[in-house]
Amino acid sequence: DSGVTQTPKHLITATGQRVTLRCSPRSGDLSVYWYQQSLDQGLQFLIHYYNGEERAKGNILERFSAQQFPDLHSELNLSSLELGDSALYFCASSGITSTSGSRTYTGELFFGEGSRLTVL
Amino acid sequence: ELKVEQNPLFLSMQEGKNYTIYCNYSTTSDRLYWYRQDPGKSLESLFVLLSNGAVKQEGRLMASLDTKARLSTLHITAAVHDLSATYFCAVDRTSGTYKYIFGTGTRLKVLA
């Protein structure tokens, strides 16, 4: 268990609709990343938030938006859905890691189980 | 634009054999990560390489980093079926951005 929680796990919807994916990072992690993984494809970086502020944007469509709330959970909103938006959406968090008694920031990502979106 | 490339993209190998997966990245970075993904599952962190010359080993896998060559390798020793998965390398915080970019992935299949 990575400590990162994503909901819902599965979502089936129709073209033109709007959905919201939710992510709760590991306790204490300030950074949240969102990725899209289409069938048999790699991971496409969408967006990175740190402590409520947007830090970096990747190839995120204008139909998609995200935010990170004061309690550090994050939501990814996908609107005007198209068939091609069907994919696995991953959230990951990073922060301080405890190893052998020391606490350091390594940049290692901890991934949620993903939200599988199917657009029909 | 940061690019992270892996090769090979697909690798089918016999149990007991050795092989190396290569990860090249296009801009300066002192940090590189390796992750494993089983089909339909999430990603699991394997190695964190934080400096030039870093070498980490876990079981039959060994990862190394050469920041001057912008190259990391993941070496598989005496492969077993349980190592069948997709392996990704990733780079973060290069050129002053906070993007965290993954490589194309290498799908490894170990044949009994």
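Every value quoted in this text rests on a predicted model; they were computed, and no experiment measured them. (Residues numbered from 1 in each chain as written. Chains lettered and ligands numbered in written order. Predicted model: local features only at pLDDT ≥ 70, side-chain atom pairs only at ≥ 80, totals over all residues. Heavy atoms only, no water.)

## Some thoughts on unusual backbone geometry
Short version of the rule: Secondary structure elements are defined from DSSP: runs of H or I of at least 4 residues count as helices, runs of E of at least 2 residues count as strands, and each element is numbered from the N terminus.
Cis geometry marks the peptide bond from Thr7 of chain A to Pro8 of chain A, where omega comes out at -10°. Of note, Pro8 of chain A is situated in the loop between β1 (5–7) and β2 (10–13). Residue Pro8 of chain B is bonded to the preceding Asn7 of chain B through a cis peptide linkage, with omega at 0°. Along the polypeptide, Pro8 of chain B turns up in the loop between β1 (4–7) and β2 (10–14). Phi is positive for Asn51 of chain A, which is not a glycine, with a value near 50°. Turning to its location among the elements, Asn51 of chain A is positioned in the loop between β5 (44–50) and β6 (53–57). Unusually for a residue other than glycine, Leu72 of chain A sits at a positive phi of about 80°. When you line up the elements, Leu72 of chain A lands in the loop between β7 (64–68) and β8 (74–78).

## Description of the environment of Gly3 of chain A
All names here are of chain A. Stated formally: To sort residues, take the accessible area from a 1.4 Å probe on protein chains only and compare it with the maximum for the residue type: under 20% means buried, over 50% means exposed, and anything in between is partly exposed. Residue contacts follow a heavy-atom distance rule, with two residues in contact if any of their heavy atoms lie within 4.5 Å.
Summarising the element assignment, Gly3 is placed in the segment before β1. Looking at Gly3, the relative accessible area reads 34%, which means it is partly exposed. A C-alpha to C-alpha distance of 7.5 Å links Gly3 and Gly112, two positions 109 residues apart in sequence. Aside from chain neighbours lying at most four places away, what touches Gly3 is Ser24, Pro25 and Arg26.

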